[in-house]
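An overview of the molecular structure
For reference, the chains in residue letters:
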Amino acid sequence: MINEALAVNEKTTSVVSETSSLDPNTLWQSLAAALKSRVNEYVFQTWFAPLHPTCIRDHQLIIQTHDRFTKDWIDDHYRDVVLEALNETGLGLKHEIDEFELEVNDALRPHDAPGTHQVTVSAQSAQKKQLNDKYLFSNFVVGPSNQFAFAASRAVADRPAQAYNPLFLFGGVGLGKTHLINAVGHGVLANFQNYRIIYMSSEQFMNEVINGIRYGKMEEFHNKYRKNCDMLLMDDIQLIAGKDRTQEEFFHTFNALYESKKQIIVTSDKLPHEISGLEERMRTRFQWGLIADIQPPEIETRVAILKKKAELEGAELPDGVAMFLAENIRSNVRELEGALIRVIAHSSLTGQRISIDYAREVLAEILANRQNLVTVEGIQKIVAAYYSVRVADLKSPRRHKVVAKPRQVAMYLCRKLLNTSYPELGERFGGKDHTTILSACRKMELLEQKDNALRSEVQELKRRIQE
Ligand code: ADP
Ligand code: MG
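Now for a description of the structure that goes with this document.

Conventions and cut-offs
Residues numbered from 1 in each chain as written. Chains lettered and ligands numbered in written order. Predicted model: local features only at pLDDT ≥ 70, side-chain atom pairs only at ≥ 80, totals over all residues. Heavy atoms only, no water. Near = heavy atom within 4 Å. Polar contact = N/O pair within 3.5 Å; in protein donor to acceptor, adjacent residues only side chain to side chain. Helix = DSSP H or I, 4+ residues; strand = E, 2+ residues; numbered from the N terminus. Nonpolar A, V, L, I, M, F, W, Y, C, P; charged D, E, K, R; others polar. Pairing = 2+ DSSP bridges. Axes fitted to C-alpha atoms, helices over the stretch in contact; angles between N-to-C directions. Phe/Tyr/Trp six-rings, centres within 6.5 Å; stacked < 30°, edge-to-face > 60°. Buried < 20%, exposed > 50% of the residue type's maximum accessible area, 1.4 Å probe, protein only. Lys NZ or Arg CZ within 6 Å of the ring centre and 35° of its normal. Core = buried A, V, L, I, M, F, W, Y, C linked by side-chain atoms within 4.5 Å. Contact = heavy atoms within 4.5 Å.

1. Concerning the site of ligand 1
Close to ligand 1 lie 17 residues, the nearest being Val141, Gly174, Lys177, Thr178 and His179. Within the backbone of Val141, a nitrogen or oxygen atom sits 2.8 Å from a nitrogen atom of ligand 1. At a separation of 3.1 Å, an oxygen atom of ligand 1 approaches a polar backbone atom of Gly176. Residue assignment for the shell around ligand 1 shows that the elements contributing at least two residues are helix H8 (177-191) and helix H15 (333-350). Of the residues that constitute the shell around ligand 1, the class distribution is seven nonpolar, seven polar and three charged.

Below, the structure written as structure tokens:
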């Protein structure tokens, strides 16, 4: 009897503690934190901050939205993100909640809705808040791959709207575009305290267009961007491709700012003519100013970035380890930083000294994936797809221009990116003589310097291969 009572009691307590951890508010708080790390601040403020959790019912967390539009929007755009976040938060609760449901709260009126959460741009502190404090000129490592973009950004920060307008910063993922565009913002504020700067991604801009239309606030929207703005920093402009209304608004914003001699900077992971779905008139305007590209950093720059980063983190990074990381992670500064942080974090947790062996061990998985990632076959496939030919064409002896060019580009890229020997490449390209490969590589090397179109094709292919 006594035993049974005890058992029941234990059960009850455990049930109680379990249900108390399922309090919708507490759960919402951790869910919100998980969401925050998955979306940018603006998306979070616009769509998630205004939500209210109400209860948990039938394994579902019930969340209230202001209106049907918000409900549908979150359902359409962020359902997976919320489920992922829920999954992460709910580790222990997985069995209790496996879904969420959005309910519309009719009591709230539209003017209580997301619009009120928009960031204001009047005070300097507010502007600084939009800019990322970590991204300064002073901690940007300059090397041959990025010095042009760096110099152009500096010039714009010192003489906004006089040096280059617009400035179009272009480069692959994780190469420092966001860093540089933020640095310009900080640089300008240091020189001109009252400058009204708007920094945002073009996705945020699109959200504001949507909100403006939805709440009949387009006039406010126009004032904000066309009148009350001295400098517009728009990150990831390639994302407005195909969004007609957003492009339309951006076009008029651009014209208004440009005509009143206000600086515009945009970043993009593609060149204007490579962004499909971008209107011609926008393309032309981006070409009015300066297009500055950022290339993947050379090994020396990668080492320098690692050293700078380690210094900022207060960690000791032996030269050999910096070299090891820089040799193995080549294409993307974000990944390079990620690897370094991982090694530093591990070493500070375990108290082990950072050595090459230690780094190799900590990064084993990442490095293994990386090495298998780029192969001759992989390059052949990507190049063939890019030029709409078959991989078999690349290996065939046909000399028609339609296949000869893609074939030479593929050979050249294999040699450049993988450093595979000429005889082996000959083998892999359908049993050709090594001199064929050699002359293709020489020819491409020369052409790449002279022929702009080819250069941008090769760059685009490199980006695709390295992603
Ligand atoms: P992008 O916007 O081009 O995708 P980011 O600007 O976000 O790339 O850069 C990714 C990370 O790499 C950031 O943490 C950034 O500070 C860092 N980074 C990139 N280039 C450099 C550089 N030259 N010096 C120092 N840090 C860099
Ligand atoms: Mg970026």
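2. Points about the sheet that holds strand E1 (residues 52-57)
With mixed pairing, the three strands of this open sheet are ordered in space as E1-E2-E3. Only two strands of the sheet have a single partner each, and these edge strands are E1 and strand E3 (99-104). Mean inter-strand twist for the sheet, computed between neighbouring axes without regard to direction, equals 30°. In terms of strand pairing, strand E2 (residues 60-65) meets E3 through six bridges, oriented parallel. Its bridge partner lying in E3, Gln60 is registered against Glu99.

3. Thoughts on the packing of aromatic side chains
The full count for this structure, using the stated rule, is 16 aromatic pairs. Look at Phe254 and Phe286: their rings are 6.3 Å apart centre to centre, the planes differ by 80°, and that puts the pair in the edge-to-face class. Residue Phe254 is located in helix H11 (residues 244-259), and its partner Phe286 is located in helix H12 (residues 280-286); the two are separated by 32 residues in the primary sequence. With a relative accessible area of 1%, Phe254 lands in the buried category. The aromatic ring of Phe251 is capped on one face by Arg281, whose charged end is 3.7 Å from the ring centroid. Over the ring of Tyr422 we find Arg415, and its NZ or CZ is 4.1 Å from the ring centre.

4. A closer look at the nonpolar core
Nonpolar side chains tend toward joint burial in soluble globular proteins. Leu167, Leu169, Leu180, Val184, Leu233 and Ile265 are the most contacted members of the largest nonpolar core, which totals 29 residues. Going through the elements one at a time, helix H7 (147-158), strand E4 (167-171), H8, strand E5 (197-201), strand E6 (231-235) and strand E8 (290-294) are the ones with two or more residues in this core. The element contributing the most residues to this core is H8, with six residues. Among residues more than four places away in sequence, those in contact with Val184 are Phe137, Ser153, Val156, Ala157, Met231 and Ile265. Of all hydrophobic cores here, the second largest spans 26 residues; its members include Phe168, Met200, Phe251 and Met282.

5. Regarding the sheet that holds E4
Strand order in the open sheet formed by five strands is E5-E6-E7-E4-E8, with parallel pairing between adjacent strands. Each edge of the sheet is formed by a strand with only one pairing partner; in this case those strands are E5 and E8. On average, each strand axis in the sheet is tilted by 15° relative to the strand beside it, whichever way the strands run. Note: E4 against strand E7 (residues 263-268), four bridges, orientation parallel. Along E7, the bridge assignment pairs Leu167 with Ile265. Sheet strands touched by helix H9 (residues 202-214): E5 and E6. Its angle to E5, the strand with the most contacts, is close to 100°.

Everything listed here is a matter of coordinates, which is why it stays silent on function.
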